[in-house]
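Below are the chains, spelled out letter by letter.
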Amino acid sequence: MEWVKLLTVGIPAAFVAFNLCLYFSPIGQYLPFSYSFVVVGGSGFQMIGGIVLGYVLLDSFHKQESSYAGYGGFVNRL
């Protein structure tokens, strides 16, 4: 799991993707830049943020493939 990518890219992307829902919630008045995203950006920022968030989530939780470099690059074949 790649925590650095998830924290540095995933959290801001989640903020952008869910900004419209958060803007109309009780905590919306305390969020920075929320009015700018809703009025100026429209749904374009939210769509891009959702795509980035989905990619980061899928990429952060992928299973690490085993490397054969420790075997000198040789793989036994039957």
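Residues numbered from 1 in each chain as written. Predicted model: local features only at pLDDT ≥ 70, side-chain atom pairs only at ≥ 80, totals over all residues. Heavy atoms only, no water.

Trainee: Looking at this structure, how should I read a nonpolar patch on the surface?
Mentor: On the surface, a cluster of nonpolar side chains totalling about 640 Å² of accessible area is made up of Met 1, Trp 3, Leu 7, Ile 11, Leu 57 and Phe 61. Looking at the nonpolar patch, the element that brings in the most residues is helix 1 (residues 3-17), giving three residues. With respect to the element layout, Leu 7 can be found in helix 1. (Patch = residues over 30% accessible without salt bridge, like charges linked within 9 Å, V, L, I, M, F, W, Y side chains within 5 Å. Areas by Shrake-Rupley, 256 points an atom, 1.4 Å probe, with all protein chains shown as cover. Salt bridge = Lys/Arg side-chain N within 4 Å of Asp/Glu carboxyl O. Helix = DSSP H or I, 4+ residues; strand = E, 2+ residues; numbered from the N terminus.)

Trainee: Mind showing me how you'd approach helix 1 here?
Mentor: Residue pairs spaced three or four apart in an α-helix point in one direction, given the helix's 3.6 residues per turn. Its 15 residues give helix 1 an end-to-end C-alpha distance of 19 Å, which sits within 8% of 21 Å, the value for a rise of 1.5 Å per residue. Along helix 1, the helix axis deviates most sharply at Gly 10, where the bend reaches about 35 degrees; the proline Pro 12 sits within four residues downstream. Of the positions making up helix 1, those classed as buried are Leu 6, Gly 10, Ala 13, Val 16 and Ala 17. In this structure, the buried residues of helix 1 make contact with helix 2 (19-23), helix 3 (34-41) and helix 4 (43-60). (Expected span 1.5 Å × (residues − 1). Bend = angle between axes of the 7 residues up to and from the residue. Buried < 20%, exposed > 50% of the residue type's maximum accessible area, 1.4 Å probe, protein only. Contact = heavy atoms within 4.5 Å.)

Trainee: Just to check I follow, could you spell out the packing of aromatic side chains for this structure?
Mentor: Two descriptors summarise a pair of aromatic rings, namely the distance from one centre to the other and the angle between the planes of the rings. Within this structure, the stated rule accounts for one aromatic pair. Measuring from ring centre to ring centre gives 5.0 Å for Tyr 23 and Phe 24, while their planes differ by 80 degrees; the resulting arrangement is edge-to-face. (Phe/Tyr/Trp six-rings, centres within 6.5 Å; stacked < 30°, edge-to-face > 60°.)

Trainee: Even after reading the chapter, I still don't get the pattern of salt bridges, so can you show me in this structure?
Mentor: Where charged atoms from two side chains of opposite charge approach closely, those side chains can pair. Enumeration over the complete set of coordinates arrives at two salt bridges. Across the pair Lys 5 and Glu 2 runs a salt bridge whose closest N-O atoms are separated by 3.6 Å. Asp 59 serves as the salt-bridge partner of Lys 5, at 2.2 Å between the closest nitrogen and oxygen. Within this pair, whereas Lys 5 is found in helix 1, its partner Asp 59 is found in helix 4, the two being separated by 54 residues in sequence. For Asp 59, a relative accessible area of 18% translates into the label buried.

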